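The lines below spell out each chain.
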Amino acid sequence: MPAPGPATARYGGNTSCVQVSLSDGTTIVLDAGTGIRPLGLSLDPAAGPIHILITHLHIDHIQGLLFFAPFFDPRADITIWGPPASGSLEHRIGRYLSAPLSPVDVRELPAAPEFRTCPAPVWNVGSAEVRAQLVAHRGPTLGYRVAEGASTVAYLPDHEPALGGRLEGYEDEWISGFALASRASLLIHDCQYADEEYPSHRGWGHSAVSDALDFARRTAARRTLLFHHDPLHTDERLDVLAGEVARMWAARAGAGEVSLAVEGNEVEL
């Protein structure tokens with residue numbers, strides 16, 4: 001859930017939403033948590049196509065949809081992509097964007113967004129090639145890999161690749177999400193729990209610090225941002241966690257750069 005306030009002002013308190021800007025003017029939005037509201041206010045709806053790629057339909061990843069300003073501009077060209085499941089994506093999202101939960105029905109949005117289930121395994125979005133694969137998390141959940149030229153972004157915000165045991169015990173092809181993240185320019189990966197918190201949350205679909213770092217090292221991502229912070233983790237707690245991350249990464253002799261994701265930061269690839 002969103003956790004805004006003075007205790008989370010530095011790392012951020014919104015739920016999952018990441019913007020990827022392509023060279024041809026296309027905007028890709030990865031997930032539609034509460035972070036999509038300030039993002040929408042900063043976009044020019046007429047500047048180019050907007051593609052929203054949703055990893056899964058848990059409420060924290062779609063709860064910002066109604067507050068995405070371009071939906072209310074008929075000039076906006078918006079496509080929403082989501083995971084396969086029974087029933088259309090529009091119908092499933094419409095269960096949230098409809099009465100009594102919402103004053104606006106999904107069919108009333110002035111932008112008339114198009115809803116599509118992600119095709120498999122690869123398709124093009126603007127000037128990028130997008131890959132989607134099911135990953136280890138509760139319910140149908142996708143991870144994404146967005147590639148343009150030599151640059152790639154792998155996005156796995158809700159992911160528990162070590163659910164069956166430590167990753168060193170598995171070949172690459174048996175690790176959930178490995179192909180999506182392999183040698184990515186930027187890996188954005190789940191790291192919700194400190195190692196001491198993880199045993200009581202095993203099977204919840206999220207990663208401990210050590211497992212996230214093992215995944216980053218095995219995939220040889222050039223840069224990793226640890227993401228999906230626990231709403232109970234204050235800025236001060238995350239500062240401590242960042243120190244643990246640096247120490248544990250050095251012990252693993254990881255080649256890439258690893259840090260905690262901070263809301264509002266920009267990375268140019």
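In this report, we go over the structure that sits alongside the text.

Pairing in this open sheet of 5 strands is mixed, and the strands run β1-β2-β3-β4-β5 from one edge to the other. A single partner strand is all that each edge strand has here, and the edge strands are β1 (18-21) and β5 (114-117). Ignoring which end each strand starts from, the neighbouring axes of this sheet average 20° apart. Relative to β5, strand β4 (residues 78-82) runs parallel, the two sharing 4 bridges.

What follows covers the nonpolar core. By size, the foremost hydrophobic cluster in this structure holds 28 residues, and its most contacted members are Leu187, Val209, Leu213, Leu226 and Val245. Residues contacting Val209, with those up to four places away along its chain left out, are Cys191, Tyr193, Ala194, Asp195, Leu241, Val245 and Met248. Core analysis: the second largest hydrophobic core is formed by 25 residues, Phe71, Ala76, Ile93 and Tyr96 among them.

What follows covers the sheet that holds strand β9 (residues 151-156). As summarised here, the arrangement of the 7 strands in space is β6-β7-β8-β9-β10-β11-β12, forming an open sheet in which the pairing is mixed. Only two strands of the sheet have a single neighbouring strand rather than two, namely β6 (122-125) and β12 (257-260). Along the sheet, successive strands turn relative to each other by an average axial angle of 20°, direction set aside. As paired elements, strand β10 (residues 186-190) and strand β11 (residues 223-227) share 4 bridges and run parallel to each other. Bridged to Asp190 within β11 is Phe227.

Moving on, we get to the pattern of salt bridges. Scanning the entire structure with this criterion turns up 11 salt bridges. In this structure, Asp73 and Arg75 form a salt bridge, with 2.8 Å as the shortest nitrogen-oxygen distance. The partner of Glu114 in a salt bridge is Arg116, with the nearest N and O atoms 2.7 Å apart. Residue class for Arg116 comes out partly exposed when judged on its relative accessible area of 35%.

Let's shift gears to the packing of aromatic side chains. Within this structure, the stated rule accounts for 3 aromatic pairs. Look at Phe68 and Phe71: their rings are 5.4 Å apart centre to centre, the planes differ by 85°, and that puts the pair in the edge-to-face class. A relative accessible area of 1% places Phe71 in the buried class.

Omega for the bond connecting Ala99 with Pro100 falls within 30 degrees of zero, at 0°, which places this linkage in the cis form. Despite not being glycine, Ala220 has its phi angle at roughly 60°, a positive value. With a relative accessible area of 32%, Ala220 lands in the partly exposed category. Notably, His228 is not glycine yet its phi reads approximately 65°, a positive angle. Structurally, the position occupied by His228 is in the loop between β11 and α5 (235-252). The exposure class assigned to His228 is buried, which follows from its relative accessible area of 13%.

Here we take up the side chain of His201. By secondary structure assignment, the location of His201 is in the loop between β10 and α4 (209-219). Residues contacting His201, with those up to four places away along its chain left out, are Glu160 and Tyr193.

Definitions and limits used
- Residues numbered from 1 in each chain as written.
- Predicted model: local features only at pLDDT ≥ 70, side-chain atom pairs only at ≥ 80, totals over all residues.
- Heavy atoms only, no water.
- Pairing = 2+ DSSP bridges.
- Helix = DSSP H or I, 4+ residues; strand = E, 2+ residues; numbered from the N terminus.
- Axes fitted to C-alpha atoms, helices over the stretch in contact; angles between N-to-C directions.
- Core = buried A, V, L, I, M, F, W, Y, C linked by side-chain atoms within 4.5 Å.
- Buried < 20%, exposed > 50% of the residue type's maximum accessible area, 1.4 Å probe, protein only.
- Contact = heavy atoms within 4.5 Å.
- Salt bridge = Lys/Arg side-chain N within 4 Å of Asp/Glu carboxyl O.
- Phe/Tyr/Trp six-rings, centres within 6.5 Å; stacked < 30°, edge-to-face > 60°.

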